[in-house]
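# Survey of secondary and tertiary structure
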Amino acid sequence: MTTLTHKNKITALLCGITLLNLSFFAIAGEMKDTDTTTAKQNRIEIKDFAFNPQTITVKSGEKVTWINRDEEPHTVVSVEKQFKKSSALDTDQEFTITAGAPGTYNYFCSVHPKMTGTIVVEK
Amino acid sequence: MSDYISHDHEHDGIDRRGFLQCMAWAGTGLLWTVSGGVLASKTLAQIAKAGDSLPSATDLSFLQISDSHIGFSKEANKDVTETFRIALDRINAMPTPPAFLIHTGDITQLSKPEEFDTFDEVLKSCRTKDVFYVPGEHDVLNDGGKLYRERYLKSVEAKGSGWYSFNKNGVHFIGLVNVLDLQAGGLGQLGDDQLDWLEEDVKGLGADTPIVVFAHIPLWAVYPQWGWGTSDSERALGYLKRFGSVTVLNGHIHQVLQKVEGNVTFHTAMSTAFPQPAPGTAAAPGPMKVPAEKLHSMLGLTSVQYKQGKSALAVVDSNLS
């Protein structure tokens, strides 16, 4: 075992611990303009333990679909229980809801609660 | 953090503790006899080979297995049932069988009844029959842990969502649940009910009672960015501070990491299914594909020995290669 390897590992760990105090970051997703004329697909990809896009803006009545691209199961659960929760999604499984009343809907993965996302529903 | 490099006498960015942390991290299958520092180390194989007096002079020996993920079949390990079986073979080959096993969660990949069935069936080959469980998040995916509780908590007096304690050979064991009712944006969580119970549970114990706490997600902040920590673990550890020997055994991160803080030794075990990247070394946690010939060296189990009169428990990791 070389000293260099140790140093690298320690450096990695130190970096991690420095960030530790910042762990409860605020969600500052950008509002995206999703105005299109064609039939629109509101798809959220779950990849590397993150919802992408983290914030999505949709029109009321449109469908929103999540697809899990990780090898780890994830869920989609409304923080305020505003929509039905998904079951655990295995790799490549999808989950779809229909956007309801206008408003902001925060959700997270109940298996990995660090994973959070927001749906903004417009009229 | 000073915890890792506190004495850099040789100005090489490394100190004794930091070096030992790395040794633990590497998961080389060393025996750690810890009492405010590391006193001795030897491999599990050496103990078995040399007929070392340690097993026979030990008052209590038990084994930790973790993260078997039965049902997983992706690239990182297409046959997790087989590697689980190999781990059990290793247990059966030990010169002194462990008194019991502790499984620190993620028995299954997707909480499916057939995955639990496979696990139970394979486990029958193990000579050691007593097994104590705590759930991982993979075991409670869709039903809040109902199926898990029906199957694995029959022999203990579990409270709340499945926590309990028991005594063996003068050692007090506490199994905690930190994978249920998780809050958006947060980490693993014990919750107030469980913490209140813990406070009561240890209240009457003498400070010289050795304590072993086991739970799935680490009870220390290994790497919160990846969810590798428990938000209210500080309160739990507060109730255990007055004890002379506390050993905390966790799973979840699929690699050996150890940290000593006062009288508390934190230790995470390898998985029997697949490795995960070291904290911060990948875009995200999750199954890590390694060359086939390397896989077994990154899977394993943990043996723990307690000898009366010694303040610390010896924790030995051994891999499956």
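This text goes with the structure placed above it.
We now turn to the structure provided with this report. Quick caveat, the model's predicted, so the values are computed rather than measured.

Further remarks concern the overall build of chain A. Counting secondary structure elements, chain A contains one helix and eight strands. Overall, chain A shows an N-to-C arrangement of helices and strands of α-β-β-β-β-β-β-β-β. Relative to its 123 residues, chain A shows a buried fraction of 33%. In chain A, the proportion of contacts linking residues at least 24 apart, taken out of those at least 6 apart, comes to 50%.

The strands making up a sheet are joined through hydrogen bonds of the backbone, oriented either antiparallel or parallel. All names here are of chain B. On the basis of which strands lie adjacent, the open sheet formed by six strands has the order β6-β7-β8-β9-β11-β10 and mixed pairing. Among the strands making up the open sheet, the edge pair consists of β6 (164-168) and β10 (257-261). When strand polarity is set aside, the average angle formed by the axes of neighbouring strands in this sheet is 15 degrees. Bridge analysis of strand β7 (residues 171-175) against strand β8 (residues 211-215) gives four bridges, and the strand direction is parallel. Bridge pairing in β8 places Gly-175 opposite Phe-214.

All names here are of chain A. Judged by pairing direction, the sheet is mixed, and its four strands sit side by side in the order β3-β8-β7-β5 without closing on themselves. Edge positions in the open sheet fall to β3 (55-59) and β5 (77-78), since each of these has one partner strand only. For β5 and strand β7 (residues 103-108), the ladder comprises two bridges, and the chain directions are antiparallel. Note on β7: the bridge partner recorded for Ser-78 is Tyr-107.

Where a protein is soluble and globular, its nonpolar side chains tend to be buried together. The biggest cluster of nonpolar side chains holds 90 residues, and the ones touching the most others in it are Ile-119 of chain A together with Leu-176, Val-212, Val-213, Phe-214 and Ala-215 of chain B. A per-element tally of this core places β8 of chain B first, with five residues. Dropping the residues within four chain positions of it, Ile-119 of chain A is found in contact with Ile-56, Val-58, Val-64, Ala-99, Tyr-105 and Tyr-107 of chain A.

Helix packing geometry: the angle between the two helix axes and the distance between the axes. Residue and element names in this part refer to chain B. Two elements in contact, helix α6 (residues 192-203) and helix α7 (residues 233-240), have axes whose closest approach is 9 Å; the angle formed by their N-to-C orientations is 10 degrees. Judged on the interaxial angle alone, α7 and α6 are roughly parallel. On α7, the residues touching Leu-195, Leu-198, Glu-199 and Val-202 of α6 are Arg-235, Ala-236, Tyr-239 and Leu-240. Taken together, the residues of the contact of α6 with α7 break down into six nonpolar, no polar and two charged.

Time to look at the pairing of β7 of chain A. Strand direction decides the pairing type here: β7 of chain A and strand β8 (residues 116-122) of chain A, joined by six bridges, are antiparallel. For Gly-103 of chain A, the partnering residue across the bridge sits in β8 of chain A and is Val-121 of chain A.

Moving on: the pairing of strand β9 (residues 246-250) of chain B. All names here are of chain B. Burial runs high along β9: five of the five residues are buried. Neither face of β9 is open: one carries Val-246, Val-248 and Asn-250, the other Thr-247 and Leu-249, and all of them are buried. Pairing analysis gives five bridges linking β8 to β9, with the strands arranged parallel. Across the sheet, Val-213 pairs through a bridge with Val-248, a residue of β9. Once the chain exits β8 it traverses α7 before rejoining the sheet at β9, and the crossover so formed is right-handed. The sheet contact formed by β9 and strand β11 (residues 264-268) spans five bridges and is parallel. Its bridge partner being in β11, Asn-250 is matched across the sheet by Thr-268.

The rules behind these values
Residues numbered from 1 in each chain as written. Chains lettered and ligands numbered in written order. Predicted model: local features only at pLDDT ≥ 70, side-chain atom pairs only at ≥ 80, totals over all residues. Helix = DSSP H or I, 4+ residues; strand = E, 2+ residues; numbered from the N terminus. Buried ≥ 20, exposed ≤ 12 C-beta atoms within 10 Å, placed from the backbone. Contact = placed C-beta atoms within 7 Å. Pairing = 2+ DSSP bridges. Axes fitted to C-alpha atoms, helices over the stretch in contact; angles between N-to-C directions. Core = buried A, V, L, I, M, F, W, Y, C linked by C-beta atoms within 7 Å. Parallel < 35°, antiparallel > 145°, perpendicular 65-115°, else oblique. Nonpolar A, V, L, I, M, F, W, Y, C, P; charged D, E, K, R; others polar. Right-handed = clockwise from strand over helix to strand, strands pointing away.

All quantities given are derived from atomic positions and should not be read as evidence of function.
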